[in-house]
Amino acid sequence: MANAASGMAVNDDCKMKFLELKAKRTYRFIIFKIEEKLKQVIVEKVGEPTLSYEDFTASLPVDECRYAIYDFDFVTEENCQKSKIFFIAWSPDTSRVRSKMLYASSKDRFKRELDGIQVELQATDPTEMGLDVIRGRAN
């Protein structure tokens, strides 16, 4: 188990699920949460490959911070099928200040554990991570 800078460990399951998403495309998304009592980042939810972006955004809590990985499929202007792995730091304005600070201070260390992230987004409300934003950042 790796140790994050804020004292938060990264559960090995986080890395395993990420590798499965990256190599085998087993999941469409993974949502991670910091379990304060355990002092570690854990996998909260995984989404099947058939789920949509709307299913993903609906899985994020309205008033709590989370880290998320989303595997975004798209077609380029040259008509090539591609995919990009997004890291999303979800920190809604309505979440607790302590929670925002904890997620912010643990983010870089956690991200380093997940080798293969191609795009990073920080979002404080749903409009900052809308599908149009994701499409724009993917190209």
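The structure this text deals with has already been given above.
From a predicted model like this one, the values you see are computed outputs, not experimental measurements. Starting afresh in each chain, residues are numbered from 1 along the sequence in its written order. Given that this is a predicted model, residues contribute local features only at a pLDDT of at least 70 and side-chain atom pairs are listed and counted only at 80 or more, while totals for whole chains, interfaces and linings are drawn from all residues. Hydrogens and water molecules were not included; the side-chain quantities draw on all heavy atoms of the structure.

Visitor: Quick rundown of the pattern of salt bridges? Include the residues and the values.
Guide: For this analysis, a salt bridge means a side-chain nitrogen from Lys or Arg found within 4 Å of a carboxyl oxygen belonging to Asp or Glu. A full pass over the atoms with the stated rule returns 14 salt bridges. Among the ionic pairs, Asp12 bridges to Lys15, the shortest N-O distance being 3.7 Å. Residue Asp12 and its partner Lys15 are both found in helix H1 (residues 12-24); the two are separated by three residues, about one turn of the helix. Buried, partly exposed and exposed residues are distinguished by accessible area as a fraction of the type maximum, computed with a 1.4 Å probe on protein chains only: under 20%, between the cut-offs, and over 50%, respectively. Exposure remark for Asp12: the relative accessible area of 39% places this residue in the partly exposed category. Classification of Lys15 as partly exposed rests on a relative accessible area of 22%. Here a strand is any run of E in DSSP of at least two residues, a helix any run of H or I of at least four, and the numbering for each starts at the N terminus.

Visitor: How would you summarise H1 if you had to cite specific residues and measurements?
Guide: One less than the number of residues in a helix, times 1.5 Å, gives the span that helix is expected to have. The first and last C-alpha atoms of H1 sit 18 Å apart over 13 residues, in line with the 18 Å expected at 1.5 Å per residue. Residues Cys14, Lys17, Phe18 and Leu21 constitute the buried set of H1. Seen along its axis, H1 keeps its buried residues to an arc of 100°; they face one direction. Across H1 from its buried face, at more than 90 degrees, point the exposed residues Ala23 and Lys24. Buried residues along H1 sit in contact with strand E2 (9-10), strand E3 (29-35), strand E4 (40-47), strand E5 (66-75), strand E6 (81-90) and helix H3 (97-113). Polar contact is defined as a pair of N or O atoms within 3.5 Å, subject to the rule that within protein one atom must be able to donate a hydrogen and the other to accept it, and that residues adjacent in sequence are counted only when both atoms are side-chain atoms. At the N-terminal end of H1, a side-chain oxygen is found 2.8 Å from the backbone nitrogen of Asp13, two or three residues along, and the residue is Asn11. Taking the helix axis as origin, the arc is that swept by the directions to the C-beta atoms. Every residue pair with non-hydrogen atoms within 4.5 Å of one another is taken to be in contact.

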